[in-house]
Amino acid sequence: MSVRNMCTLGLALLLGIAAAHAKKESRYVAPVPLTPEQAALVQKAVEREKATVKLIQKSTPVVQTYIQNMRPDPKLQTVPVSDQYIIARVDFGKTFSADPYETKPKSKGFFKGSLKFLGDLTKSFSISYSATGFMDMMFLDPVSFDQQHYDFSYVRRDFLGGVRTLVFDVKPKPKEGSGRFFGRIWVEDQDGNIVRFNGSYTGNNGDQLARYYHFDSWRLNVQPDAWLPTAIYVEETEQSDTKKATGFRAQTYFWGYSLKLPARVTDSESVQVENAQDQSGQSQDVGPLQAQRQWVSQAEQNVLDRLTQAGLLAPPSDFDKVLETVTNNIVIGSKLELPDDIHCRVLLTTPLESLSIGNTILLSKGLIDVLPSEEDLAAVLSFQLAHIVLGHHIDTRYAFNDRLLFPDEATFTKFNMNHSAIDNQAAAKKAVELFNASVYHDKGASVGLFFQAVQMREKQLPFLLTPRLGDSLIKADGTPWLVGLTQGAPKLDMDNLTQIAALPLNSHLKIDPWDDKVVQLNIKPAPLLNARDKMQFEVTPIFYRLQRYQPPVQAAPATAAAGAPATTSAPATAAPAAAAPAPPTPADTNQAPPPASPQ
């Protein structure tokens, strides 16, 4: 059995025994011969693909897959009816395997240990999903992708952003067995790297027992001479008039290519994180209250460093300043006198959650992406700011570094960051006061619409709305914690195109797959034509405007601050299929303006 056959077992859709009714093998049709130039580029692509596979084997990236089962809807065309979430560290060094991030058991039964990682999505749609199944789509064929095993047919030239490519259709030669790539590839014309491939895995023997997902796989030029897998969109649909799930959509993202090997009990004694700030005290003596606050700060920094090392927290970035400016608008409105500045960071994960660690507020990328306006962002920041003001600080046991010596995959189970229901109730009340005293006080209607949209999808999307580390947007009974901000909001109306209650996933931020930094998307809003265009909280296709790698820009010596890190160029811009309003921007003119979106 080939490596591809072994790798793609997780992709099989178990649709019943149909071998007895297998169709006859289709007649082989030889492709149109390539020109010498085209054949030379194909051969170069074959060589570069082998080099890419070897390069990937040196990394242990994070892979995150979010899946939504879909069913037909008379007004919205399709709507999600259930979901699944997978996140793991991938090790290609010795075997093709994934170590899932373990999750805490929930009373509602959403998670049942790491075994749920390979579980079925829903009883109404007979599909089994596994981590390695979606990761297989990083590769065309890791062993036998060459002109001896595949036929190549030239299609056309195509620009993907700023990168010119040649497009080829690819199909396996006769009798090559199942599990071979069958589809289309885009080859950049400079070095012959495959930057995109679209299709499925199939065989030539007419076997209908095993079928494979259709996918669209993208790579980015993250380092010199390195185009690495970044994102995969998967879609399967079946026409039906029933209310059951008849297909699914999934997005898989990869990041953390420069991460070290997953930390083990014996090798995580030294945690070094870029841009970590020295918060040591000055020469002045420290009083008891100051000592207590510094002890909390020590626990805070330890946890932030550990989350960064585990590939779950983005390193400090310019977008943090956007979040901090909105937070400062709230602080100024209530004239709060805080002993330390409030910092903000971005969790790289999709589930919608927020948490406060010491004086640092964390929002998940998924939460930021679906928020349609600045006032919605201010509302969720108010909730965590209220926890800080009320003294609901981090567990100070994490000030002892030995408590952080655990495998990266155990991060969700080892850290207890969420607040109690009593603390959340108090913080929700305080958050309403903070919000109503800020420049956002007259914009509560938008916040109310967002939480109505959350409630509308609460039962269908439990994995999206269940936090892994921090606090949920909703209570156990499904009502929002910030229900006090929803008073006076209009009723949610999907037909009202001026009413944008929530956005599709990946509407605001992108992740640099090499260094894990987050950057704002530069998107021009598209007009909505009907209710279907809203796609609230939904998975959508993935498209990148590719760019070639540009080395970091060194700041001029006359203007650069001493010891300031070099600015890294932004990765290629992703363009979601849905219309999205401009990313949240601060409203208070007394605050520094947010950084411009990268081009």
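Note that the structure is a prediction, hence the values are computed from the model and not measured.

Explanation requested: the overall build of the protein chain in the structure shown.
The number of helices and strands found in the protein chain is ten helices and 19 strands. A burial count over the protein chain gives 53% of its 599 residues as buried. The contacts of the protein chain with a sequence gap of at least 6 include a subset with a gap of at least 24, amounting to 72%. Just so you have it, the protein chain exposes about 27000 Å², and 52% of that area is on carbon and sulfur atoms.

What should I look at first to understand the packing of helix H7 (residues 374-389) against helix H10 (residues 444-457) in this one?
The description of two helices packed together rests on the angle between their axes and the distance between the axes. Where H7 contacts H10, the two axes come as close as 8 Å, and the packing angle between them is 75 degrees. Between H7 and H10, the angle falls in the class roughly perpendicular. Contacts between H7 and H10 pair Glu375, Asp376 and Ala379 from the former with Ser446, Val447 and Phe450 from the latter. Taken together, the residues that form the contact of H7 with H10 break down as three nonpolar, one polar and two charged.

Would you mind showing me how to read the confidence of the model for the protein chain here?
Note that predicted coordinates carrying low pLDDT should not be read in detail. On average, residues of the protein chain carry a pLDDT of 80, and 74% of them reach 70 or more. Looking over the protein chain, one finds the lowest element-wise mean pLDDT in strand E4 (residues 120-122), namely 28, and the highest in helix H6 (residues 365-370), namely 98. Across residues 106-132, where pLDDT falls below 50, the model places 72 contacts with residues more than four positions away in sequence or in other chains. Below a pLDDT of 50 lies the segment residues 585-599, which in the model reaches 34 contacts outside its immediate sequence neighbourhood of four places, other chains included.

In this structure, what is going on with unusual backbone geometry? I would like to understand it.
What is expected of a backbone is that most residues other than glycine have negative phi and most peptide bonds are trans. Positive phi is not limited to glycine here, since Asp225 has a value of about 60 degrees. Mapping Asp225 onto the fold places it in the loop between strand E10 (215-223) and strand E11 (226-237). Positive phi values are uncommon outside glycine, yet Asp516 reaches one of about 70 degrees. Here Asp516 lies in the loop between strand E16 (509-511) and strand E17 (518-520).

Sorry if this is basic, but what is going on with helix H9 (residues 421-436) here?
Residues separated by three or four positions in an α-helix point in the same direction, a consequence of the helix having 3.6 residues per turn. Taking 1.5 Å as the rise per residue, H9 with 16 residues should run 22 Å; its terminal C-alpha atoms sit 23 Å apart, in good agreement. Asn424, Ala427, Ala428, Ala431, Val432, Leu434 and Phe435 are the residues of H9 that are buried. Down the axis of H9, the buried side of the element spans an arc of 165 degrees, and every buried residue falls inside it. Exposed side chains of H9 directed beyond 90 degrees from the buried face belong to Ile422 and Lys429. Looking at the packing, one finds that the buried side of H9 touches helix H5 (318-333), H7 and H10.

When you look at the pattern of salt bridges in this model, what are you seeing that I'm missing?
Pairing between side chains becomes possible if they bear opposite charge and their charged atoms approach one another. In this structure the tally under the stated criterion is 18 salt bridges. With a closest N to O distance of 2.6 Å, Lys173 and Asp151 form a salt bridge. Pair noted here: Lys173 is in the loop between strand E7 (163-172) and strand E8 (180-188) and Asp151 is in strand E6 (residues 150-160), with a separation of 22 residues, a long-range link. Where Arg184 meets Asp169, a salt bridge forms, and the shortest distance between an N and an O atom there is 2.6 Å. With Arg184 in strand E8 and Asp169 in strand E7, this pair connects stretches of sequence that are 15 residues apart. On the basis of relative accessible area, Arg184 is assigned to the partly exposed category, the value being 26%.

Explain the packing of aromatic side chains here, please?
Given two aromatic rings, their pairing is described by the distance between the two centres and the angle made by the two planes. Summed over the entire model, instances satisfying the criterion amount to 17 aromatic pairs. Judged by centre distance (5.8 Å) and plane angle (70 degrees), the rings of Tyr154 and Phe168 are edge-to-face. Separated by 14 residues along the polypeptide, Tyr154 in strand E6 and Phe168 in strand E7 bring together distant segments of the chain. Residue class for Tyr154 comes out partly exposed when judged on its relative accessible area of 33%. Measuring from ring centre to ring centre gives 5.3 Å for Phe450 and Phe451, while their planes differ by 75 degrees; the resulting arrangement is edge-to-face. A connected cluster of aromatic rings, assembled from ring pairs, spans Phe181, Phe197, Tyr201 and Phe215. The cationic tip of Arg196 hangs over the ring face of Trp186; the distance from NZ or CZ to the ring centre is 4.2 Å. A cation over an aromatic ring shows up here: Lys365 above the ring of Tyr253, its NZ or CZ 6.0 Å from the ring centre.

What's the story with the pairing of E11 in this structure? I'm lost.
Across a regular strand the side chains alternate sides, sitting on one face of the sheet and then on the other. Among the twelve residues in E11, ten count as buried, and that is most of the element. Summarising the sheet, E10 and E11 pair through eight bridges and their orientation is antiparallel. Residue pairing in the sheet places Asp216 in a bridge with Tyr233 of E11.

Looking at this structure, how should I read the packing of H5 against H7?
At a minimum axis distance of 9 Å, the contact between H5 and H7 shows a crossing angle of 70 degrees. Here H7 runs roughly perpendicular to H5, going by the angle between their axes. Contacts between H5 and H7 involve Leu323, Val326, Thr327, Asn329, Ile330 and Val331 from the first element and Glu374, Leu377, Ala378, Leu381, Ser382 and Leu385 from the second.

How should the nonpolar core be read in this particular structure?
One recurring pattern in soluble globular proteins is that nonpolar side chains are buried together. Counting residues in hydrophobic clusters, the biggest one holds 139 residues, and the most contacted among them are Ile185, Phe450 and Phe537. Element by element, the count of residues in this core is highest for H7, at nine residues. If sequence neighbours within four positions are ignored, Phe450 has contacts with Leu367, Val370, Leu371, Pro372, Asp376, Leu473, Ala501, Ala502 and Phe537.

In this structure, what is going on with the side chain of Glu324? I would like to understand it.
Summarising the element assignment, Glu324 is placed in helix H5. It is Arg345 that comes nearest to the buried, bridge-free Glu324 among opposite-charge side chains, at 7.7 Å. What Glu324 contacts, discounting residues up to four positions off in sequence, is Ile342, His343 and Cys344.

Looking at this structure, how should I read the sheet that holds strand E14 (residues 354-357)?
Sheet strands line up and pair through hydrogen bonds in the backbone, either parallel or antiparallel. If you trace the three strands from one edge of the open sheet to the other, you get E13-E15-E14, paired in mixed fashion. Each edge of the sheet is formed by a strand with only one pairing partner; in this case those strands are strand E13 (343-347) and E14. Averaged over all pairs of adjacent strands, the angle between strand axes in this sheet comes to 25 degrees, irrespective of strand direction. Where E14 lies against strand E15 (residues 360-364), four bridges are found, and the strand directions are antiparallel. Along E15, the bridge assignment pairs Ser356 with Ile361. Those strands touched by H7 are E13, E14 and E15, and its axis lies near 140 degrees from that of E15.

How should I be thinking about the pairing of E6 in this particular structure?
Of the pairings in the sheet, the one linking E6 to E7 comprises ten bridges and is antiparallel in character. Bridge pairing links Tyr154 to Phe168 in E7. Following E6, the chain reverses through two residues before pairing antiparallel with E7; Gly161 in that reversal takes a positive phi of roughly 70 degrees.

How each quantity is defined
- Residues numbered from 1 in each chain as written.
- Predicted model: local features only at pLDDT ≥ 70, side-chain atom pairs only at ≥ 80, totals over all residues.
- Heavy atoms only, no water.
- Helix = DSSP H or I, 4+ residues; strand = E, 2+ residues; numbered from the N terminus.
- Buried < 20%, exposed > 50% of the residue type's maximum accessible area, 1.4 Å probe, protein only.
- Contact = heavy atoms within 4.5 Å.
- Areas by Shrake-Rupley, 256 points an atom, 1.4 Å probe, with all protein chains shown as cover.
- Axes fitted to C-alpha atoms, helices over the stretch in contact; angles between N-to-C directions.
- Parallel < 35°, antiparallel > 145°, perpendicular 65-115°, else oblique.
- Nonpolar A, V, L, I, M, F, W, Y, C, P; charged D, E, K, R; others polar.
- pLDDT = per-residue confidence, 0-100.
- Expected span 1.5 Å × (residues − 1).
- Arc of directions from axis to C-beta.
- Salt bridge = Lys/Arg side-chain N within 4 Å of Asp/Glu carboxyl O.
- Phe/Tyr/Trp six-rings, centres within 6.5 Å; stacked < 30°, edge-to-face > 60°.
- Lys NZ or Arg CZ within 6 Å of the ring centre and 35° of its normal.
- Pairing = 2+ DSSP bridges.
- Core = buried A, V, L, I, M, F, W, Y, C linked by side-chain atoms within 4.5 Å.
- Lys, Arg positive; Asp, Glu negative; His and termini not counted.

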